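Examining the three-dimensional arrangement
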Amino acid sequence: MSDAAAAAPGADRLWSVDEHLADILRTVRPLEPIELQLLDAQGCVLVEDVTVPAALPPFDNSSMDGYAVRAADVRDASEKFPTVLTVVGDVAAGGDGALVAVGPGQAARIMTGAPLPPGAEAVVPVEWTDGGLGGGPATTMSAGGIAGGASGEGAGLGAVRVHRPVTAGAHVRARGSDVAAGDLALAAGTVLGPAQLGLLAAIGRATVTVRPRPRVVVLSTGSELVPPGGELAPGRIHDSNSYLLAACARDAGALAYRVGAVEDDAATLRATLEDQIVRADAIVTSGGVSVGAYDVVKAALTGLSGDEGRVEFRRLAMQPGKPQGFGRLGPGRTPLFALPGNPVSAYVSFELFVRPAVRAMMGLEPPERPVIRAECTEPVGPSPRGRRQYLRGRYADGRVTSVGGAGSHLVGALARADALIVVPEDVTSVPAGAEVDVILLD
Ligand SMILES: Nc1nc2c(c(=O)[nH]1)N[C@H]1C(S)=C(S)[C@@H](COP(=O)(O)OP(=O)(O)OC[C@H]3O[C@@H](n4cnc5c(N)ncnc54)[C@H](O)[C@@H]3O)O[C@H]1N2
Ligand code: MOO
């Protein structure tokens, strides 16, 4: 929490959604950069400028399977009057083009990606030749003569008839034509997707320095909770929140550690948090933040001091998601989000508050999901005055339809939704055809 927020009488006033989010974003910090293997860095923000150490391609090479030739030799080639060249060797990708030199009247069979041999200036695609078979235009190259994938000696020797001329440089990818040595390959701040990781690998980088994915520990609380797959005794329900929230964390970009359900006992919860905090960049709990007799998160984390950290429990002017806890735990001041237990409340709270925090920790900008305007296909409401309501909806072609009702236990409707419809604090109902803000969820 920021000092300003810590000084505010948080427990007895209603916080707006925007104030709560601003407090969170003031509090969380981008994680310290670390060096990661390329695939571990996917989705992360680069913190270094990466320059190209050596040109790409590193050597002139063929873009087609065909024959490396001297342009002057094939200047007059046509199907009617083919130019006949002596094939002096064979160059495969990975082969050493320097072993075969192409002199006047000569050609070398060459495969896509293979280095252009000395003397050759261009490549004639095999389809523009007889493929060395003495017939009409070839469609493929025969396998003969590329033994071992190497080049040179004894390979595909004979004659080839060339049916079309090529100019110097035709079907040749020049050294450095992609990126040159010293070029900026990727600037600091770039988010590493597949193409960026491909470029890094192509220029020979095995590791990069990035802001890592936050490690988010997810635990749910409630003595009524039974893991999925377990038998439900009377009064028990399955723990869905730890799965829901761990999945949310992964979806936001974090590495999620799902702890599962902790019973409603403050000492057990404190001990679990102590165990877990060593592997956490952030902690997310669900349940136990309201005003019930067994509100264990509130009981365990209220009144912390000094190195224990500080967690503040608040009421927010929103629905669902009214009761929330947020603060920092332990000497490392690990951000802790205590979300309400109702599954839809937990989900909406994660989307609105934890997801932006995760993204801010990764250095991703902007941290929030995009909000668009959409027309309501049906009336929406009622919505409580003074609270910003987030209804589940389905969005298509600029229009949104509410699914399920406002109840924060409606996980069936949540699973059908792909958007959140935002009904502002001062609006209690929205007529069909009116425009609303919609948060797209995927
Ligand atoms: N007298 C009042 N009661 C309640 C208020 C209030 O202001 N005054 N607020 C309500 C609101 S709003 C919410 S949200 C909930 C929040 O309660 P808690 O965070 O203390 O959550 P629990 O009581 O532990 O659980 C609420 C509900 O959700 C179910 N649940 C909890 N954890 C899970 C889980 N991991 N998987 C599936 N379902 C879970 C739990 O069984 C309860 O049904 O408080 C209202 N009450
Ligand atoms: O505000 Mo609560 O989070 O509706 O269920």
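These numbers were taken from a predicted model, which means no experiment stands behind them.

Notes on unusual backbone geometry
In this structure, Pro 57 follows Leu 56 across a cis peptide bond, with omega equal to -15 degrees. Checked against the element boundaries, Pro 57 lands in the loop between β4 (50–51) and β5 (61–62). Geometrically, the link from Gln 319 to Pro 320 is a cis peptide bond, its omega value of 0 degrees lying close to zero. Looking at the secondary structure, you find Pro 320 in the loop between β20 (318–319) and β21 (323–329). Look at Arg 333: it is not a glycine, yet its phi comes out positive at around 50 degrees. Secondary-structure assignment places Arg 333 in the loop between β21 and β22 (334–339). Not every positive phi belongs to a glycine, and Asp 397 is a case in point at roughly 50 degrees.

Some thoughts on the site of ligand 2
Lining the immediate environment of ligand 2, one finds Gln 319, Pro 320, Gly 321, Lys 322, Pro 340, Asn 342, Ser 345 and Ser 408. Split into classes, the residues belonging to the shell around ligand 2 amount to two nonpolar, five polar and one charged.

Remarks on the packing of helix α4 (residues 241–252) against helix α7 (residues 343–361)
Two elements in contact, α4 and α7, have axes separated by 10 Å at closest approach and are oriented at 25 degrees. Comparing their axes, α7 and α4 come out roughly parallel. Here α4 and α7 pass one another in a crossing that is right-handed. Between α4 and α7, the residues in contact are Asn 241, Leu 244, Leu 245, Cys 248, Ala 249 and Ala 252 and Pro 343, Ala 346, Tyr 347, Phe 350, Arg 355, Val 358 and Arg 359, respectively. Of the residues that constitute the contact of α4 with α7, the class distribution is 10 nonpolar, one polar and two charged.

Description of the nonpolar core
In this structure, Val 216, Ala 249 and Val 284 are the most contacted members of the largest nonpolar core, which totals 80 residues. Ranked by residue count, the leading element in this core is α7, at 12 residues. If you look at the next biggest cluster of nonpolar residues, it comprises 27 residues, including Leu 85, Ala 92, Ile 110 and Met 111.

Examining the pairing of strand β7 (residues 83–91)
Burial of β7 is extensive: seven of the nine residues sit out of reach of the surface. Bridging between β7 and strand β10 (residues 158–162) involves five bridges; their strand directions are antiparallel. In the strand pairing of β10, Val 87 is matched with Gly 158. As paired strands, β7 and strand β8 (residues 106–110) are joined by five bridges and run parallel to one another. Bridging from a neighbouring strand, Val 91 pairs with Ile 110 of β8.

Quick word on helix α2 (residues 17–27)
Among the residues of α2, those classed as buried are His 20, Asp 23 and Ile 24. The buried residues of α2 all sit within an arc of 95 degrees when viewed along its axis, so they share a single face.

Let's talk about the site of ligand 1
Taken together, 27 residues sit near ligand 1, with Ser 220, Asn 241, Gly 287, Ser 290 and Gly 341 positioned nearest. Looking at the shell around ligand 1, the elements that each hand over two or more residues are α4 and α7. Grouping the constituent residues of the shell around ligand 1 by class yields nine nonpolar, 14 polar and four charged.

Some details on the sheet that holds strand β1 (residues 14–15)
Across a sheet, strands are paired by hydrogen bonds formed along the backbone, either parallel or antiparallel in direction. Reading across the sheet, the seven strands line up as β1-β19-β21-β22-β18-β14-β17 and stay open at both edges, with mixed pairing between neighbours. Each having just a single partner strand, β1 and β17 (255–262) make up the two edges of the open sheet. Examined bridge by bridge, strand β14 (residues 215–221) and β17 share seven bridges and lie parallel to one another. Paired with Val 218 across the strands is Arg 258, a residue of β17. Along the sheet face, helix α5 (residues 266–276) touches β14, β17, β18 (282–286) and β21 and points at about 160 degrees away from the line of β17. Across the sheet, α7 lies against β14, β18, β21 and β22, angled at about 165 degrees from β22, the strand it touches most.

The rules behind the values
Residues numbered from 1 in each chain as written. Chains lettered and ligands numbered in written order. Predicted model: local features only at pLDDT ≥ 70, side-chain atom pairs only at ≥ 80, totals over all residues. Helix = DSSP H or I, 4+ residues; strand = E, 2+ residues; numbered from the N terminus. Near = placed C-beta within 6 Å. Nonpolar A, V, L, I, M, F, W, Y, C, P; charged D, E, K, R; others polar. Axes fitted to C-alpha atoms, helices over the stretch in contact; angles between N-to-C directions. Parallel < 35°, antiparallel > 145°, perpendicular 65-115°, else oblique. Left-handed = near helix turned anticlockwise from the far one by under 90°. Contact = placed C-beta atoms within 7 Å. Core = buried A, V, L, I, M, F, W, Y, C linked by C-beta atoms within 7 Å. Buried ≥ 20, exposed ≤ 12 C-beta atoms within 10 Å, placed from the backbone. Pairing = 2+ DSSP bridges. Arc of directions from axis to C-beta.

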